[in-house]
Amino acid sequence: MIGENSRKWWVLTGVGIVSFLGCIDLTIVNTAAPDIARDLGTTMTQTQLIVNIFLVALSMFMVTAGRLSDILGRRKVLYAGTVLFGLASLGAGLAPTIPLLVFFRFLQGASCAVLYTSSSTIVSNAFPEAQRGRAIGMLFAVNGIGLAVGPMLGGLIVGALSWHWVFLVNVPLVVVSLAICSVSLTESKADGDVKLDWPGLVLLALGLSGVIFGFTFGDTFGWGSWQVLGSLVAGAVSLVVFVLVDGRQKYPLVPFRLLARKLFLSAVTAEFSLAFFYATALFLMPLYLSTVRHYGDVAIGLMMLPTTATMAVLSPFVGRLVDRVGPIVVLSTGFAAFALSALLQSQLDATSGLGFVIVAFALMGIGWAFVLGPSAVAALSSVPPRLSGLAVGATWTFHNFGGAVGLALGMTLFRGVAGGALHDDLAAKQVAPGPWTADVVAKPGSASDLLQQHTGLDRAAADGLTDSLFAAGNNATMLLLAGISVVAMTTIFLLGRGRSAATEAAPEREAADVPAVRE
């Protein structure tokens with residue numbers, strides 16, 4: 001039997017395991033993507049969909065999952081989400097086709113929406129008030145490490161086993177988590193009169209899925225096609241109507257009135273921009289290592305260590321720094337590091353020195369450590385304790401949306417610029433382009449073979465063209481990420497200058513904005 005004194009630590013362990021797995025699955029597939037593409041013969045768009053569909057589902061159901069936890073009970077909903085996550089991981093690991101893999105990745109994202117929203121509230125309820133901050137801090141540290149080590153772990157697993165085990169490894173750990181939670185968790189709910197905003201839920205799901213579909217498949221169908229234009233218009237209209245409808249609800253899905261608080265707006269800006277950056281960068285970094293530098297899976301995983309290890313090592317120290325100087329200065333510094341990392345990565349090519357690559361990747365780790373935890377602190381500091389769950393759920397919604405939009409925009413820019421560079425290089429060699437050139441850009445891992453097949457170039461010349469088109473696309477995309485980072489840094493800094501923490505955090509004013517929810 002578990003004693004009352006030790007129960008809270010068992011709760012943190014059980015919830016921490018499954019929360020860790022959910023965070024890993026946000027990033028682990030990035031490193032496995034080249035291997036999946038080779039095994040299943042996917043195009044870059046299909047590979048992007050395998051990664052992006054997780055974020056789409058996460059964005060669609062994050063706030064809904066949090067509200068269902070409040071209404072039905074957090075333990076009950078956590079169990080359901082954990083079981084679904086385990087089954088989805090099993091299905092993804094065994095999927096023989098692209099459509100099935102995409103389907104199970106969607107289920108993984110939907111189930112992780114439950115894991116993210118329930119975990120912090122369950123851990124908070126398990127600990128006395130004096131230990132609550134420490135416990136939440138430990139959970140966020142575990143989540144941050146999960147996000148950071150995903151790429152490295154993915155490379156190691158793929159190199160030692162296969163890409164299937166990137167998903168299958170979740171199954172036994174899910175069983176362990178459920179076993180621990182079954183003997184330690186107690187049920188908790190919010191006030192009994194909390195209702196789910198069903199019209200808002202439908203509008204939010206339609207809006208997010210429409211906008212992201214349009215961005216993701218703009219190059220596939222054409223930006224002027226009815227599929228893309230229809231999706232973008234329908235998504236944008238749905239989101240506008242959602243804002244109008246949800247704002248009149250007693251229990252809104254997204255508390256937009258919190259955006260009037262500059263510290264909360266800083267947290268939202270940081271979360272959106274953070275996910276925009278890493279979702280795109282973590283897609284391109286393994287691709288650079290495999291396509292341009294021709295590294296194997298294990299080497300790719302190890303080369304991601306400058307990012308992941310730096311983030312993991314710095315996170316505890318960054319937490320102490322936030323206590324001393326506040327989140328605004330730390331967040332601004334983090335995005336400065338992101339901008340510098342992106343500028344350096346924009347210069348990467350086949351001749352880049354190993355030290356240069358390591359510095360560029362390490363700067364991303366510094367930026368990640370300086371943004372992930374402090375953005376959560378900013379969100380929680382902007383509201384009274386009783387609204388902490390609502391604040392975290394709202395910021396994570398923007399986080400996930402930022403990741404999905406960032407990856408879609410980044411890959412669209414990459415394909416466009418890389419395609420233009422390829423046509424210029426072929427013209428310089430007096431080689432006529434054809435329909436096959438789209439496949440060269442869409443399948444970087446097979447680009448050299450395709451070029452040899454259709455142009456008659458030798459291996460060295462084909463490799464040179466592949467390096468050139470990747471460098472062009474990577475340069476443009478990394479400059480986009482640098483720009484996003486500078487905008488985020490400037491916005492957060494300016495919001496911090498005009499903010500009065502004492503007045504913004506006043507519980508009395510917040511009580512007039514958002515209905516009370518017992519956390």
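See above for the structure.
Residues numbered from 1 in each chain as written. Predicted model: local features only at pLDDT ≥ 70, side-chain atom pairs only at ≥ 80, totals over all residues. Heavy atoms only, no water.

**Q** I tried to follow the overall build of the chain on my own but got confused; where do I start?
**A** A count of helical and extended segments in the chain gives 21 helices and 0 strands. Residues counted as buried form 56% of the 519 residues belonging to the chain. Across the chain, the fraction of contacts at a sequence separation of at least 24, relative to all contacts at a separation of at least 6, is 83%. (Helix = DSSP H or I, 4+ residues; strand = E, 2+ residues; numbered from the N terminus. Buried < 20%, exposed > 50% of the residue type's maximum accessible area, 1.4 Å probe, protein only. Contact = heavy atoms within 4.5 Å.)

**Q** Honestly, unusual backbone geometry in this entry has me stumped. Any pointers?
**A** Most peptide bonds adopt trans geometry, and most residues besides glycine take a negative phi value. Residues other than glycine seldom take positive phi values, yet H294 does so here, at roughly 60°. Within the fold, H294 resides in the loop between helix 11 (262-292) and helix 12 (297-303).

**Q** What is the right way to look at helix 10 (residues 226-246) in this model?
**A** Along an α-helix, a turn takes 3.6 residues, which lines up residues three or four apart on a common side. Between its terminal C-alpha atoms helix 10 stretches 29 Å, which fits the 30 Å expected from 21 residues at 1.5 Å a residue. When helix 10 is considered as a whole, its buried residues turn out to be V228, S231, G235, S238, F242, V245 and D246. Buried residues along helix 10 cover an arc of 135° about the axis, so they all sit on one side. Summarising the geometry of helix 10, the exposed residues directed more than 90 degrees from the buried face are W226, V233, V240 and L244. (Expected span 1.5 Å × (residues − 1). Arc of directions from axis to C-beta.)

**Q** Mind showing me how you'd approach the packing of helix 3 (residues 74-94) against helix 4 (residues 98-126) here?
**A** To characterise two packed helices, one gives the angle between the axes of the helices and the distance between these axes. Running from amino to carboxyl end, helix 3 crosses helix 4 at an angle of 150°, the nearest separation of the two axes being 8 Å. Here helix 3 lies roughly antiparallel to helix 4, going by the angle between them. Considering how the two elements wind past one another, helix 3 and helix 4 form a crossing that is left-handed. For the pair helix 3 and helix 4, contact is made by R74, R75, V77, L78, G81, T82, L84, F85, A88, S89, G91 and A92 and by L101, F104, L107, Q108, S111, C112, V114, L115, S118, T121, I122 and N125, respectively. Tallied by class, the residues present in the contact of helix 3 with helix 4 amount to 13 nonpolar, 9 polar and 2 charged. (Axes fitted to C-alpha atoms, helices over the stretch in contact; angles between N-to-C directions. Parallel < 35°, antiparallel > 145°, perpendicular 65-115°, else oblique. Left-handed = near helix turned anticlockwise from the far one by under 90°. Nonpolar A, V, L, I, M, F, W, Y, C, P; charged D, E, K, R; others polar.)

**Q** Please explain the packing of aromatic side chains as it appears in this structure.
**A** Ring pairs (aromatic) are described by centroid distance and by the angle formed between their planes. Taken as a whole and assessed by the stated rule, the structure comprises 8 aromatic pairs. The structure contains a cluster of three or more aromatic residues connected by ring pairs, namely F277, F335 and F338. (Phe/Tyr/Trp six-rings, centres within 6.5 Å; stacked < 30°, edge-to-face > 60°.)

**Q** It is not clear to me how the environment of L343 should be interpreted in this structure. Could you clarify?
**A** Relative to the assigned elements, L343 resides in helix 14 (residues 327-345). By relative accessible area, which is 40% here, L343 ends up partly exposed. Distance from L343 to L479, taken between C-alpha atoms, is 6.3 Å for residues 136 residues apart in sequence. Sequence-distant contacts of L343, defined by excluding residues within four places in its chain, comprise L479 and A482.

**Q** What is the right way to read helix 3 from this model?
**A** For helix 3, built from 21 residues, the straight-helix expectation of 30 Å at 1.5 Å per residue is met to within 8% by its first-to-last C-alpha distance of 30 Å. Buried within helix 3 are the following residues: R74, V77, L78, G81, T82, F85, G86, A88, S89, G91, A92 and G93.

**Q** Got a minute to help me understand the environment of L173 in this structure?
**A** Mapping L173 onto the fold places it in helix 7 (residues 170-182). When sequence neighbours within four positions are dropped, the list of residues in contact with L173 reads I17 and L21.

**Q** It is not clear to me how the nonpolar core should be interpreted in this structure. Could you clarify?
**A** For soluble globular proteins, nonpolar side chains are generally found buried alongside one another. If you look at the biggest cluster of nonpolar residues, it comprises 131 residues, and the most contacted ones within it are Y116, Y278, M364 and W368. By residue number, the principal contributor to this core is helix 11, which donates 18 residues. Setting aside anything within four residues of it in sequence, one finds M364 in contact with F277, Y278, A281, L282, M285, T307, F338, S341 and Q345. (Core = buried A, V, L, I, M, F, W, Y, C linked by side-chain atoms within 4.5 Å.)

**Q** I'm lost on the packing of helix 3 against helix 7 in this one. Help?
**A** Viewed as axis vectors pointing N to C, helix 3 and helix 7 meet at an angle of 165°, and their least axial separation amounts to 9 Å. Judged by the inter-axis angle, helix 3 sits roughly antiparallel to helix 7. Between helix 3 and helix 7 lies a crossing whose hand is left-handed. Seen from helix 3, the contacting residues are Y79, T82, V83, F85, G86, S89 and L90; seen from helix 7, they are N170, V171, V174, L178, C181 and S182.

**Q** Would you explain a nonpolar patch on the surface in this entry?
**A** On the surface, V233, V237 and V241 cluster together to form a nonpolar patch covering roughly 230 Å² of accessible area. Mapped onto the secondary structure, V241 falls in helix 10. Assessed through its relative accessible area of 32%, V241 is described here as partly exposed. (Patch = residues over 30% accessible without salt bridge, like charges linked within 9 Å, V, L, I, M, F, W, Y side chains within 5 Å. Areas by Shrake-Rupley, 256 points an atom, 1.4 Å probe, with all protein chains shown as cover. Salt bridge = Lys/Arg side-chain N within 4 Å of Asp/Glu carboxyl O.)

**Q** Whenever I open this one, the environment of F361 confuses me. Can you help?
**A** Mapped onto the elements of the fold, F361 is located in helix 15 (residues 354-381). Counting along the chain gives 56 residues from F361 to L305, while the straight-line C-alpha distance between them is 8.4 Å.

**Q** Mind showing me how you'd approach the side chain of H399 here?
**A** Here H399 shows up in helix 16 (residues 388-428). Among the polar contacts made by the side chain of H399, one reaches the side chain of E271 at a distance of 2.6 Å. Those residues in contact with H399 that sit more than four places away from it in its chain are E271, F272, L274, A275 and Y278. (Polar contact = N/O pair within 3.5 Å; in protein donor to acceptor, adjacent residues only side chain to side chain.)

**Q** I tried to follow the side chain of E271 on my own but got confused; where do I start?
**A** Structurally, E271 is set in helix 11. The contact partners of E271, leaving out residues within four places of it in the chain, are S375, A376, T395 and H399.

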